[in-house]
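So the chains spell out like this:
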Amino acid sequence: MTAFFNEMMRPGGTVRPAYARIADWLERTPPEVLASRRAQAELMFRRIGITFAVYGDKEASERLIPFDIAPRVLTRSEWTRLEAGLIQRVKALNLFLNDVYGAGAIMRAGIVPSDIIYRNPAYRPEMAGWSVPHDVYAHIAGIDVVRIDENDFYVLEDNARTPSGVSYMLENREVMMRLLPDLFSAHSVAPIETYPNELLASLRSVAPRSASRDPTIALLTPGQYNSAYYEHSFLADKLGIELVEGRDLLVRDDIVYMRTTQGPRRVDVIYRRLDDDFLDPLVFRPDSALGVPGLMSAYRAGNVTLANAVGAGVADDKAVYTYMPEIIKFYLGEAPLLKNVPTWRCREPDALKYVMEHLAELVVKEVNGSGGYGMLVGPHSTRDQIEAFSKKLAHDPANYIAQPTLALSVCPASFSGGVSPRHVDLRPFVLSGADGARVVPGGLTRVALNEGSLVVNSSQGGGTKDTWVIDDPATA
Amino acid sequence: MLARTADNLYWLARNIERADYLARIVNVTRRLDTLPSAYSGPGTEWESALLSAGASERFDEFHQNVDAASVIDFLVFDERNPSSIANCIENGRSNARAVRTALTVESWEAINSGWLDLKSFQKPRSPGDPASSERLGQYLDAVMKVALDVDGSAYRTMLRNDAFWFTRLGHFVERADNTARILDVKYNLLLPSSEPVGGPVDYFQWAAILRAVSALTAYNWLYKEGVKPWLVADLLILRPEMPRSLRFCCGEMVRVLDSFARVYGQQGPAQRHARHMLTRLENTTMKEVFNGGLHEFVTAFIEDNSKLGAEIAEQYLLD
Amino acid sequence: MRVRISHRTTYTYAEPARSVIQVLRLTPRSNDSQRVSDWRIDVEADCRLAAGEDAFGNVTHTFSLSGPVTSLAITVEGVAETIDAAGVVHGAIERFPPEFYLRETALTAADDAMRAFAAQTGAGHATPLEKLHALMGALHARMVFDADPTNSGTTASESFTLGAGVCQDFAHILIGCARHLGIPARFAGGHLLRDDGVVNQQAGHAWAEAYVEGLGWVGFDAANDICPQERHIRVAIGLDYLGAAPVRGSRNGGGAEKLDVEVRVSHAGSRSQSQSQS
């Protein structure tokens, strides 16, 4: 474990000042008290997360993602650096999306090759040649960040499509405040409870200019059988907006309405948690029963704002990711504040040669794959798997990128057997409105609960933690 | 409010109320079934139960003979019967789940835990055997308890806004329909020709109906005399203080619809129709009802009430 | 050549529909080899017909109707003046660079059999143009024209496996094969004036267009084994049928739908039809 950056302990075994109180708490609290806190936390989640925990059927109880009661800590100065980097990155992403669907300057300048845009399935031709309201494409962006040393944050992945997980961030905090009020008050933890307000303000700010001064906002969900339905209803509740399904909306003469008991009521902004493909059967998948026929036409007519914008997913592409430092420089004229994980673009012959020779050490990903599909984790693969993969790679190199296996940082996690370090990442949520970008201090920390595991996905033994941004300790 | 939300709330209430009614129908039929068969033609009670549940046609698709076992199974458990108790509870719970955030925690838990409890009941194998019969009794009691819990929790905890009023509307539209149907049970029961009207079997049948809707005590309080058909009908049709009577249900529907009209600033066919139904009941006497025929009166009411249901759907739930 | 087109689509619903919304791509644009004049589009209902343009520059008309709607008729009529450009499309609206048309779509994705077919057919030929002609010829020879086994949702792969399909399927297969060979290709929908004098048709026509360096976009009508001529009237393009579909619609309620399509493609003017031979 010593090879990994430990966020709590220095290599010599001394505790970093930011973690002083937490280390103390973890050490002084008897194991049975920690155990009872863990049990309480679970109970609270069942209660708070009532809409998805009390269904009583199997699928629902499975969806309770493990929660670790040891908070993850960032100091105010660390956060300030990270925050500036996140805002810079998301500003550049929005400018990039504007450009890709507009003038295409970055492609003409030869900075991003045009084929990685045009051949990307997330690039939506329907968005080309017109501007979305207030030029915002990625209203909510989830930027996955990891640490591998004391100084730098690395961006692992940009999620400009429909990032999820923010409900966990909010509920983790709620549970921690109730569970460990003393530990809480001993630190001055920056609040994140303003997230729903900030989100609402962002969504209101991007209403079409034709909307009334008090725009109507709705959250569009695929429905109660979607795995993130709980988050959808949670957010709609917190924002005080209607949770609608496609069949609740209708389009008449390029205006979107929702069907209410008082007749059709105009909708100005749709926070949609439905993929592009399903949004409008007249434009995308004709078999979609989840969407709203005519929605794209209303969107193009400028009568409704979709958040995030259709086609924003082109920025999530892993090939585009490799150009992010250049993209930031191109649009903002600034050096990137957050680092990219070093990445080989297999489309480039030199890189391909290197990757081919080092497959056993690298992680190779499909450029528009997600959720771990079409991916090779070299160190965890058999010779046959590597062999088979190298053929796929040779056949279509442009479809792949490769990265070193990252040494993610570790944080303490509390188990029945005691406290031990586990690997973590962080997903902060960046909001962009007509009035600029903002981030609430914190995010969703995901933790790989299995020892030695680097996989933080909830489907594979990952859990979550509350993330605290605290004032810098007096002595550093 | 979203029309779909209103629709789910309305049908949540209707489904639960219907489950309660069906449990009562099965109970009263079980009771009638205990009469010595010499007093009544065999099987008549169960045919009548199917008729008053509005399920005979569907039943005939799957069954040759009408007997206690198959009717009970069909009305209570059968998934092929869209209005079986099990399906009503399932649908009601799924209505609730779809609008989870429009309900209070208490209301949601009432329906959800009721649903869970009923699911865990083992289906009785043969209704003839006493253990099964007891278990069926417990199941039916549990169904009525769910209805009571759902209703009570809504009454005690929900904000008095349109969400609440839509559940009330569903509740009373369904309840009026059910009361009308249970009155018809008696019509469908054949009184053996040897039996005089007003004789012991006739008495037993009417009393069983009162018992089914928990109105025997109310009857005694109000009328202070033996069970007489026109008084039973009076209680279940015209009595404004009887919470199952058609008059009471119509009064509530009018009240709810009027509050929509007030809050939404608009009224339509549903309001006009409900008022018309109420006025008719207010201006009718039992004598007129019996002169025209109780069965005819009840049939006309059921039709009228379902027309109101369609108007409510058109006005509020579909668009 | 002056070609007159009249196209009438009638929907009849078993029950009144509560609402109907449709996007129509029924209006051709002019380019160097076709000039559109006198084009009329009419929806026989009380609604606003909003003209617009889709992602590819196709002319669209969108309308929405509030019910009850029991039937609906859409009529287009007009004349196009065409010249033979040997299939080469010049002067059309181009919204995307050719490489965009290398994208795979569900309807056109090549399966192993199609990839093998494309590679094999293209193998003996040096230039993309020759490969495309070879593909068109080989497809025409291999496939049976048959409207029965396929529909508008049939994929290239399904139709190729069947060895049968209609012009749309021929186009999809050709597109999938061309893209596999690295040649940008797209779908073109329109009409064909038949050379056998038959005026009444059951449906429109469709073919593929491929991008050939130096020439530009060139049409390939594999169903007829020809490059589009003056008898072809080009209405809309897309990555596949879905992008160029004449009608995409949705309705709420209405029950079963009965659809009647009448297409008449004839020589405009008074000359007799027996003249047309090529």
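All values derive from a computational prediction rather than experimental measurement.

Trainee: With reference to specific residues and values, describe the overall build of chain A.
Mentor: When you go through chain A residue by residue, the secondary structure sums to 17 helices and 21 strands. Relative to a compact globule of 476 residues, whose C-alpha radius of gyration would be 23 Å, chain A shows 23 Å and is just as compact. The principal-axis extents of the C-alpha atoms in chain A amount to approximately 65 × 60 × 45 Å. Considering only intrachain contacts with a sequence separation of at least 6, the fraction spanning at least 24 residues in chain A is 68%. A total accessible area of about 18,900 Å² is found for chain A, and carbon and sulfur atoms account for 50% of it.

Trainee: Explain the interface of chain C and chain A to me, and be specific about the residues and the numbers.
Mentor: Size of an interface, as often reported, equals the accessible area lost when the parts are brought together. Taken together, the 20 residues of chain C in the interface contact 24 residues of chain A. Summed over both sides, the interface of chain C with chain A buries roughly 1,900 Å², with 53% coming from carbon and sulfur. Our count for the chain C to chain A interface comes out at one salt bridge. The salt bridge involving Arg-48 of chain C is made with Asp-253 of chain A; its shortest N-O contact spans 3.9 Å.

Trainee: Break down the interface of chain B and chain A for me, citing the residues and quoting the values.
Mentor: Taken residue by residue, the interface counts 24 residues in chain B and 24 residues in chain A. For the chain B and chain A pair, buried surface summed over both sides reaches about 2,100 Å², with 47% attributable to carbon and sulfur atoms. The tally of links between chain B and chain A comes to two salt bridges. Between Asp-248 of chain A and Arg-4 of chain B there is a salt bridge, with its nearest N and O atoms 2.5 Å apart. Run the count over chain B and chain A and you get six residue pairs in polar contact (both at pLDDT 80 or more). Elements with a minimum of two residues in the side of chain B that touches chain A: helix H1 (3-32), helix H5 (85-98), helix H6 (105-120), helix H8 (162-188) and helix H15 (294-317) of chain B. In terms of residue count, H6 of chain B provides more of the side of chain B that touches chain A than any other element does, six residues in total.

Trainee: I'd like to hear about the domain arrangement of chain C, residue by residue, with values.
Mentor: Residues and elements named next belong to chain C. Split by domain assignment, chain C resolves into domain 1 (2-81 + 246-270) and domain 2 (83-244). Distance between the C-alpha centres of domain 1 and domain 2: 24 Å. Counting from both sides, the interface comprises 30 residues of domain 1 and, opposite them, 35 residues of domain 2. The largest contributions to the domain 1 side of the interface with domain 2 come from Phe-56, Val-263 and Val-265, which together make up 26% of the buried area. Scanning the region where domain 1 abuts domain 2 turns up one salt bridge.

Trainee: Can you tell me about the packing of aromatic side chains, naming the residues and giving the values?
Mentor: Residues and elements named next belong to chain B. Following the criterion strictly, the structure yields 37 aromatic pairs over all chains and no others. Between Phe-77 and Tyr-139, the aromatic rings sit 5.0 Å apart at their centres with planes inclined by 50 degrees, giving tilted as the arrangement. Of the two residues, Phe-77 sits in helix H4 (residues 68-77) while Tyr-139 sits in helix H7 (residues 130-157), which places them 62 residues apart along the sequence. For Tyr-139, a relative accessible area of 4% corresponds to the buried category. Across the ring face of Trp-115, the terminal group of Arg-93 is positioned such that the distance to the ring centre comes to 3.7 Å.

Trainee: An account of the packing of helix H12 (residues 246-264) of chain B against H15 of chain B is needed here, citing residue identities and associated values.
Mentor: All names here are of chain B. Look at H12 against H15: their axes get within 13 Å of each other, and the N-to-C directions meet at 15 degrees. The angle between H12 and H15 places the two elements in the roughly parallel class. Here H12 and H15 pass one another in a crossing that is left-handed. Seen from H12, the contacting residues are Leu-246, Cys-250, Met-253, Leu-257, Phe-260 and Tyr-264; seen from H15, they are Phe-297, Phe-301, Asn-305, Leu-308, Ile-312 and Tyr-316. In terms of residue class, the contact of H12 with H15 is built from eleven nonpolar, one polar and no charged.

Trainee: Describe the confidence of the model for chain C, and please don't skip the residues or the numbers.
Mentor: For chain C, the average pLDDT comes to 91, and 97% of its residues sit at 70 or higher. This complex was scored by the predictor with a pTM of 0.88 and an ipTM of 0.90.

Cut-offs applied
- Residues numbered from 1 in each chain as written.
- Chains lettered and ligands numbered in written order.
- Predicted model: local features only at pLDDT ≥ 70, side-chain atom pairs only at ≥ 80, totals over all residues.
- Heavy atoms only, no water.
- Helix = DSSP H or I, 4+ residues; strand = E, 2+ residues; numbered from the N terminus.
- Rg over C-alpha atoms; globule rule 2.2 N^0.38 Å.
- Contact = heavy atoms within 4.5 Å.
- Areas by Shrake-Rupley, 256 points an atom, 1.4 Å probe, with all protein chains shown as cover.
- Buried area = accessible area lost by both parts, 1.4 Å probe.
- Salt bridge = Lys/Arg side-chain N within 4 Å of Asp/Glu carboxyl O.
- Polar contact = N/O pair within 3.5 Å; in protein donor to acceptor, adjacent residues only side chain to side chain.
- Domains from an automatic or database assignment.
- Phe/Tyr/Trp six-rings, centres within 6.5 Å; stacked < 30°, edge-to-face > 60°.
- Buried < 20%, exposed > 50% of the residue type's maximum accessible area, 1.4 Å probe, protein only.
- Lys NZ or Arg CZ within 6 Å of the ring centre and 35° of its normal.
- Axes fitted to C-alpha atoms, helices over the stretch in contact; angles between N-to-C directions.
- Parallel < 35°, antiparallel > 145°, perpendicular 65-115°, else oblique.
- Left-handed = near helix turned anticlockwise from the far one by under 90°.
- Nonpolar A, V, L, I, M, F, W, Y, C, P; charged D, E, K, R; others polar.
- pLDDT = per-residue confidence, 0-100.

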